[in-house]
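# A closer look at the structure
Next come the chains, spelled out residue by residue.
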Amino acid sequence: GQQVMQIPQYQHVQEGEDFTTYCNSSTTLSNIQWYKQRPGGHPVFLIQLVKSGEVKKQKRLTFQFGEAKKNSSLHITATQTTDVGTYFCAYTGTASKLTFGTGTRLQVTL
Amino acid sequence: NAGVTQTPKFQVLKTGQSMTLQCAQDMNHNSMYWYRQDPGMGLRLIYYSASEGTTDKGEVPNGYNVSRLNKREFSLRLESAAPSQTSVYFCASSVGGGGYEQYFGPGTRLTVT
């Protein structure tokens with residue numbers, strides 16, 4: 001079956017450093033979504049990628065979908081304490097259901 | 001516009017007790033979902049309703065039942081709670097199935113002792 005690995009599980013950076021999380025699949029994905037969950041909060045949709053090689057930017061966040069549509073990344077430039085949280089990738093699998101990765105927890109310290 | 005609302009926010013149950021988690025959305029979305037979130041496990045789909053009048057099992061449906069009461073409301077019932085059901089439960093909704101962004105409620109933190 002389709003399997004998606006999200007790495008790393010956890011990353012601790014100092015404010016101002018960059019951060020990247022990766023979502024890797026063993027099979028081709030039709031699309032990929034990214035969500036952010038603040039500590040104690042609920043997941044909030046960030047973006048969806050559907051095209052091979054697609055790159056989208058939101059301020060300091062850059063999202064990429066691989067050429068083979070088997071991997072995706074979220075890169076944050078110059079992290080801030082407001083970036084703290086868990087970042088999840090999610091993809092549409094069988095029966096049009098969304099399946100979430102296990103998430104990357106980001107901790108940012110001053 | 002409240003978005004997705006869930007009640008209760010917190011609940012403590014004893015093993016064997018039953019309860020219903022309520023969810024409502026005011027965005028006129030067709031699809032609704034119930035997830036559970038355990039530490040290190042991400043979000044796992046329990047049940048979903050692609051449209052009013054339909055429900056389907058997700059990845060972890062055992063021990064749960066659902067009702068899509070109308071287009072706005074989707075409830076999750078635990079008939080006989082077990083400690084393994086201690087988790088945070090999130091309801092979500094979307095315009096349609098996969099490929100559409102999902103909007104999540106604030107969650108219900110359930111502890112079963």
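What comes next concerns the included structure.

Reading the values: the criteria
- Along every chain, residues carry numbers that run from 1 in the direction the sequence is written.
- All chains are assigned letters beginning with A, and all ligands numbers beginning with 1, in the order in which they are written.
- Reporting of local features is limited, given that this is a predicted model, to residues whose pLDDT is at least 70; pairs of side-chain atoms are given and counted only at 80 or more, and all residues count toward the totals for whole chains, interfaces and linings.
- Derived side-chain values reflect all non-hydrogen atoms in the structure, with water molecules and hydrogen atoms excluded from consideration.
- Strands here are runs of E lasting at least two residues and helices are runs of H or I lasting at least four, both read from the DSSP assignment and numbered beginning at the N terminus.
- For the radius of gyration, the atom set is restricted to C-alpha positions; the globular benchmark scales as 2.2 Å times the number of residues to the power 0.38.
- Only protein chains enter the accessibility calculation, which uses a 1.4 Å probe; a residue is then buried when its area is under 20% of its type maximum, exposed when over 50%, and partly exposed in between.
- Any pair of residues with heavy atoms lying within 4.5 Å of one another is described as a contacting pair.
- All accessible areas in this document rest on Shrake-Rupley with a 1.4 Å probe, and a residue is counted as covered only by the protein chains that are shown.
- Think of it this way: Lys and Arg go in the positive column, Asp and Glu in the negative one, and His and the chain ends go nowhere.
- By convention, the point assigned to a charge is CZ for Arg, NZ for Lys, CD for Glu and CG for Asp.
- A pair of cysteine sulfur atoms is labelled a disulfide when the two atoms are within 2.5 Å.
- Only the six-membered ring of Trp is used, alongside the rings of Phe and Tyr, when aromatic pairs are assigned; centres must lie within 6.5 Å, and planes under 30 degrees apart are stacked while those over 60 apart are edge-to-face, with the rest tilted.
- Criterion for a salt bridge: a side-chain nitrogen of Lys or Arg within 4 Å of a carboxyl oxygen of Asp or Glu.
- Distance and chemistry together define a polar contact, namely a pair of N or O atoms within 3.5 Å, with one atom able to donate a hydrogen and the other to accept it when in protein, and with adjacent residues in sequence counting only for side-chain atoms on both sides.

### Quick word on the overall build of chain B
Of the regular secondary structure elements, chain B holds 0 helices and 11 strands. Computed over C-alpha atoms, the radius of gyration of chain B comes to 13 Å, within 12% of the 13 Å expected from 2.2 N^0.38 for 113 residues, which places it in the range of a compact globule. In terms of overall dimensions, chain B has C-alpha extents of about 35 × 25 × 25 Å along its principal axes. Relative to its full complement of 113 residues, chain B shows a buried share of 49%. Within chain B, counting contacts between residues at least 6 apart in sequence, those at least 24 apart form 55% of the total. Carbon and sulfur atoms make up 50% of the accessible area of chain B, which totals about 5100 Å².

### Quick notes on the overall build of chain A
A count of helices and strands for chain A gives 0 helices and 11 strands. Counted from the first residue to the last, chain A has its helices and strands arranged as β-β-β-β-β-β-β-β-β-β-β. The C-alpha atoms of chain A give a radius of gyration of 13 Å, which matches the 13 Å a tight globule of 110 residues would have. Here chain A holds 110 residues, and 47% of them are scored as buried. Here the contacts in chain A between residues at least 6 apart in sequence split such that 52% fall between residues at least 24 apart. When the accessible surface of chain A is totalled, it reaches about 5400 Å², and 50% of it is carbon and sulfur. On chain A, the mean spot of the 11 positive side-chain charges and the mean spot of the 6 negative ones are 10 Å from each other.

### Describing the state of the cysteines
Evaluation of the coordinates by the stated rule reveals 2 disulfides over all chains. With a sulfur-sulfur separation of 1.8 Å, Cys23 of chain A is cross-linked through a disulfide to Cys89 of chain A. As the torsion about the S-S bond is roughly 50°, the Cys23 of chain A-Cys89 of chain A disulfide counts as right-handed. Remark: Cys89 of chain A occurs in strand S9 (residues 85–92) and Cys23 of chain A occurs in strand S3 (residues 19–25); sequence separation between them is 66 residues. Given a relative accessible area of 0%, Cys89 of chain A falls into the buried group. Each sulfur in the disulfide pair Cys23 of chain B and Cys91 of chain B lies 1.8 Å from the other. Taking the torsion about the S-S bond as the criterion, the Cys23 of chain B to Cys91 of chain B disulfide, at about -70°, is left-handed. Within this pair, whereas Cys23 of chain B is found in strand S3 (residues 19–25), its partner Cys91 of chain B is found in strand S9 (residues 87–94), the two being separated by 68 residues in sequence.

### Quick word on the packing of aromatic side chains
Scanning all chains against the criterion turns up 12 aromatic pairs over all chains. Note on Tyr35 of chain A and Phe45 of chain A: the rings are 5.6 Å apart at their centroids and 75° apart in plane angle, and the pair reads as edge-to-face. Taken as a pair, Tyr35 of chain A in strand S4 (residues 32–37) and Phe45 of chain A in strand S5 (residues 43–49) lie far apart in primary sequence, 10 residues in all. The class for Tyr35 of chain A is buried, based on a relative accessible area of 0%. On the basis of relative accessible area, Phe45 of chain A is assigned to the partly exposed category, the value being 21%. Seen in terms of ring centroids, Tyr35 of chain B and Phe104 of chain B are 5.6 Å apart; in terms of plane orientation they differ by 35°. Their pairing is tilted.

### Let's talk about the pattern of salt bridges
All told, the structure shown has 5 salt bridges over all chains when counted by the stated rule. Between Asp83 of chain A and Arg60 of chain A there is a salt bridge, and its shortest N-O distance comes to 2.9 Å. Remark: Arg60 of chain A occurs in the loop between strand S6 (55–58) and strand S7 (61–65) and Asp83 of chain A occurs in the loop between strand S8 (71–76) and S9; sequence separation between them is 23 residues. Between Arg44 of chain B and Asp38 of chain B there is a salt bridge; the shortest N-O distance is 2.7 Å. Residue Arg44 of chain B shares its accessibility class with Asp38 of chain B, and that shared class is buried.

### Topic: the side chain of Thr21 of chain A
All names here are of chain A. Along the polypeptide, Thr21 turns up in strand S3. Taking relative accessible area as the criterion, Thr21 reaches 0% and is therefore assigned buried. Here the side chain of Thr21 touches Ile7 through a polar contact of 3.4 Å, landing on its backbone oxygen. Polar contacts involving the side chain of Thr21 include one to the side chain of Thr104, which spans 2.8 Å. In this structure, Thr21 is in contact with Gln6, Ile7, Pro8, Trp34, Ser72, Ser73, Leu74, Tyr87 and Thr104, ignoring residues within four places of it in sequence.

Keep in mind these numbers describe shape, not what the thing actually does.
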